[in-house]
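Here are the chains, one letter per residue:
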Amino acid sequence: MSYDTLPRPDILPAIGNSGICVTVGNTPLAFVAAPFVAQGGGFWAKLEGFNPGGIKDRPALHMIRQARARGDLAPGATIVESTSGTLGLGLALAGITFGHPVVLVADPGMEPLMQRLLASYGVRLEIVPEPHPTGGWQQARRDRVRELLAELPGSYCPDQYNNPDNVAAYAGLARELLSQLPHIDTLVCSVGTGGHSAGISRELRRHLPRLRLVGVDTVGSTIFGQPDRRRLMRGLGSSIHPGNVAYDAFDEVHWVSAAEAVWACRTLAAQHYVSGGWSTGAVSLVARWLAGSAGAGAVVAVFPDGPWRYWNTVFDDGYCRAHGLLGVTPADEPDELGSPSEREVRRWTRCTTVTDPLAGAR
């Protein structure tokens, strides 16, 4: 960036208190080919870890900006939200940028590094002690958020799981992809709140109506109709059914286990000097297979963040050994399901029938 393109002092108030927010977006692409992908194949990875806090900087800034514009969030009022980590970083950025205190509710699975980072950004962090008996940690966190909203007059919750602004925030990422690549046939996204898979695919299909969307979930997640189980992976999967998941947009869904994601993260790092956490590992495993399959065409995978946050989980031998995550090499092909509820999956599994498990109840 040249001096002439820097924001002028007279427009800095429109940016807010943190000039770093202007660095969000315009993230690079990396082409991942051999040896990770079989000779002759490859896929493009959108490296969202190049944002200050990761992919959720985009929706955090957009949701808060829109809430302020509507009058839902008054100047100086407190932002309260549930997070497993990445959205928390984005909301910390939004709070500093627009001048709002931020209170985040997490659970004991949040990494120590993430907790310390959030505290350094001025966030008040609350850790819920027990999971909800049916909704797991997510529901326990959301219950505490409701209590805090009642305790803090004028406070506001973006509700990332059901907020359409979460989805709309990713139109810019889609437009970046359109400017970076001549064509895209298949988009591969991890699914947690459902925001980026819905938002990116919706905008891309305005220009590429035949685009295929492949969702990547974790074993033990309820999003696509599997039973709720204890999960190690964070950032994808859920014990609840977020309203932002666009079930009718998916052409297929894959479930990936934690051990398979660890293998992919570490192999990517060793072979290509690019990696990330749980979501990146799961997404790259699926994109790797698609890139070597006939008919997938040009494949783009969204890598939500980089590897630094996962030094004491994905990239820690002691942690992985204790959880049985080492020495597992994924199969060359996914297992197949005829329907999401056919049986409980334990390893990388694919299903081309995608339905809303709460259809008729929403």
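Per an unreviewed UniProt entry, the recorded name for the protein chain is PLP-dependent cysteine synthase family protein, and the organism is Nonomuraea spiralis. For the protein chain, the Cofactor (unreviewed entry) comment in UniProt is given as "pyridoxal 5'-phosphate".

K.L.:
What am I meant to see in the overall build of the protein chain here?
P.N.:
On a plain count of helices and strands, the protein chain comes out with 11 helices and 11 strands. Here the C-alpha coordinates of the protein chain stretch approximately 55 × 55 × 45 Å along the principal axes. For the protein chain, the proportion of its 362 residues judged to be buried stands at 56%. Total accessible area on the protein chain is roughly 15100 Å²; 53% of this is exposed by carbon and sulfur atoms. Seen as two clouds, the 32 positive and the 34 negative side-chain charges of the protein chain have centres 1 Å apart.

K.L.:
I tried to follow the layout of surface pockets on my own but got confused; where do I start?
P.N.:
Taking a probe equal in size to a water molecule and rolling it over the atoms shows the remaining empty space. Each pocket or cavity is described by its volume, and for the largest pocket that value is around 660 Å³. Lining the largest pocket we find 33 residues, and of these D107, W137, R231, M233 and R234 sit closest to its centre. Residue contributions to the lining of the largest pocket peak at 4 residues, all from helix α5 (residues 136-151). Looking at the lining of the largest pocket, its residues break down into 10 nonpolar, 14 polar and 9 charged. Each pocket or cavity is described by its volume, and for the second largest pocket that value is around 260 Å³. If you go around the second largest pocket, you meet 16 residues; those closest to its centre are C21, V24, R58, L61 and R65. Those elements that place two or more of their residues in the lining of the second largest pocket are α2 (57-70) and α7 (171-180).

K.L.:
How do you make sense of the pattern of salt bridges when you look at a structure like this?
P.N.:
Between side chains of opposite charge, a pair can form as their charged atoms come close. By the definition in use, this model includes 27 salt bridges. One salt bridge in this structure joins R58 and E48, with 2.7 Å as the shortest N-O distance. Here R58, found in helix α2, pairs with E48, found in the loop between β2 (43-47) and α2; they are 10 residues apart in sequence, far enough to count as distant. The class of E48 is buried, set by a relative accessible area of 0%. Through salt bridges with shared partners, a single network forms among R205, R212, D251, E252, E336 and R350.

Rules of the game
Here the residue numbers are simple positions, counted from 1 along each chain's written sequence. Restriction of local features to residues with pLDDT of at least 70 applies here, the model being predicted, together with a cutoff of 80 or more for giving and counting side-chain atom pairs; totals for whole chains, interfaces and linings are based on all residues. Heavy atoms from the whole structure form the basis of all side-chain values; hydrogens and water molecules are not counted. UniProt positions are given in the numbering used here, feature names are shortened, and annotations may be inferred rather than shown by experiment. The helix count covers DSSP runs of H or I at least four residues long, the strand count covers runs of E at least two residues long, and both are numbered beginning at the N terminus. Relative accessibility under 20% of the residue-type maximum defines a buried residue, over 50% an exposed one, and the middle range a partly exposed one, all with a 1.4 Å probe and only protein chains included. Method for areas: the Shrake-Rupley scheme with a 1.4 Å probe, in which residue coverage is limited to the protein chains shown. Note that His is not counted, nor are the chain ends; the positive residues are Lys and Arg, and the negative ones are Asp and Glu. A charge is said to be at NZ when it belongs to Lys, at CZ for Arg, at CG for Asp and at CD for Glu. Any residue with an atom within 4 Å of a point lines the site, the site being either a cavity, points on a 1 Å grid over the protein atoms alone where a 1.4 Å probe fits but cannot get out, or a pocket, an open set with protein on both sides within 12 Å along at least 5 of 7 lines. Grid points are joined across faces, edges and corners, and a volume is the space filled by probe spheres set on the points. The nonpolar class holds Ala, Val, Leu, Ile, Met, Phe, Trp, Tyr, Cys and Pro. Asp, Glu, Lys and Arg form the charged class, and all remaining residues, Gly among them, are polar. Any carboxyl oxygen of Asp or Glu that lies within 4 Å of a side-chain nitrogen of Lys or Arg is treated as forming a salt bridge with it.

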